[in-house]
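Below are the chains, spelled out letter by letter.
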Amino acid sequence: MPPNAPPITWSAAQRRLHWLVAAGVVAAFALSLIMTRLGDNQLLLKFFLYQIHKTLGLLVLAGTIARLVLLIRHGRPLLPDSFTPLEKRAAHLGHGVLYVLLIVVPVLGYLTNSTSPSRIPVLFMLVIPLPNLTPPSQYWNDLLVTFHYFAAITLVVIASVHALIAIVHHLRGQPILRRMWSG
């Protein structure tokens, strides 16, 4: 392969991080559906699920940053020649939006926790307390809860479309899914 040529496939680290981040997003979203519906008669379970949700969010953020570092270091394989220029632009735009949301959603979640008047700490991995970055503010907390919610919904919708498109390409015989699964 000539110097500076794009890789033929994703590196093993890029593939593993892709699937770990995807699993983290799915798990964090599923937890959010459960934890937000628990009543005050289940405070211990609610606290536990929120802490797991927060840990997953921070792991998604760290995994996304690691993915971006690997993307800069190793590059990305070219899209198949069978893709139209419009499909290629849409793929690059979609990936860019996904990366932005994979960073924005956890940051909004952390800031939501930071501004909360309840001051319940983030316990990373259930044991490591992380500091609040802001003073409590009901106004900012209400605003950030809303932004975090809609950004998370947008992330899940776009990630679902991303997965569906990969499956469609796979069914058409294009190697998109196979390259991310096994190289």
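Below you will find a few notes about this structure. (Residues numbered from 1 in each chain as written. Predicted model: local features only at pLDDT ≥ 70, side-chain atom pairs only at ≥ 80, totals over all residues. Heavy atoms only, no water.)

1. Let's talk about the environment of arginine 178
What counts, and what does not: Numbering goes from the N terminus for both helices and strands, where a helix is a DSSP run of H or I of at least four residues and a strand is a run of E of at least two. Between two residues, a contact is recorded if the distance between any of their heavy atoms is within 4.5 Å.
Its place among the elements puts arginine 178 in helix α5 (residues 176–182). Along the sequence, arginine 178 and serine 118 sit 60 residues apart, while their C-alpha atoms lie 46 Å from each other. Every residue in contact with arginine 178, bar those within four places of it in the chain, is listed here: His170 and Gly183.

2. Details of empty space enclosed by the protein
Applied cut-off: Throughout, the protein atoms alone are placed on a 1 Å grid, and a set of points is a cavity if a 1.4 Å probe fits but cannot get out or a pocket if it is open with protein on both sides within 12 Å along at least five of seven lines; lining residues have an atom within 4 Å of a point. Grid points are joined across faces, edges and corners, and a volume is the space filled by probe spheres set on the points.
Within this structure, the stated rule accounts for one cavity of 30 Å³ or more. One number sums up the size of the largest cavity: a volume of about 40 Å³. Around the largest cavity, the lining residues are Trp10, Gln14, Arg67, Leu70 and Tyr99.

3. Section: the environment of tryptophan 140
Formally: Whether a residue is buried, partly exposed or exposed follows from its accessible area with a 1.4 Å probe, protein chains only, as a fraction of its type maximum: under 20%, in between, or over 50%, in that order.
Turning to its location among the elements, tryptophan 140 is positioned in helix α4 (residues 138–171). A relative accessible area of 47% means that tryptophan 140 is categorised as partly exposed. Each C-alpha atom of the pair tryptophan 140 and glycine 57 lies 20 Å from the other, and the pair is 83 residues apart in sequence.

4. Quick word on a nonpolar patch on the surface
Counted only if it meets this: Candidates for patches are residues over 30% relative accessible area with no salt bridge; among them, like charges are joined within 9 Å and nonpolar side chains (Val, Leu, Ile, Met, Phe, Trp, Tyr) within 5 Å. For every accessible area listed, the method is Shrake-Rupley and the probe measures 1.4 Å; residues are considered covered only by the protein chains on display. Salt bridge, as used here, is a side-chain nitrogen of Lys or Arg placed within 4 Å of a carboxyl oxygen of Asp or Glu.
A contiguous nonpolar patch, built from Leu45, Phe48, Leu59, Met125, Leu126, Val127 and Ile128 and spanning about 610 Å² of accessible area, is present on the exposed surface. With respect to the helices, strands and loops of the structure, isoleucine 128 is situated in strand β2 (residues 128–130). With a relative accessible area of 42%, isoleucine 128 lands in the partly exposed category.

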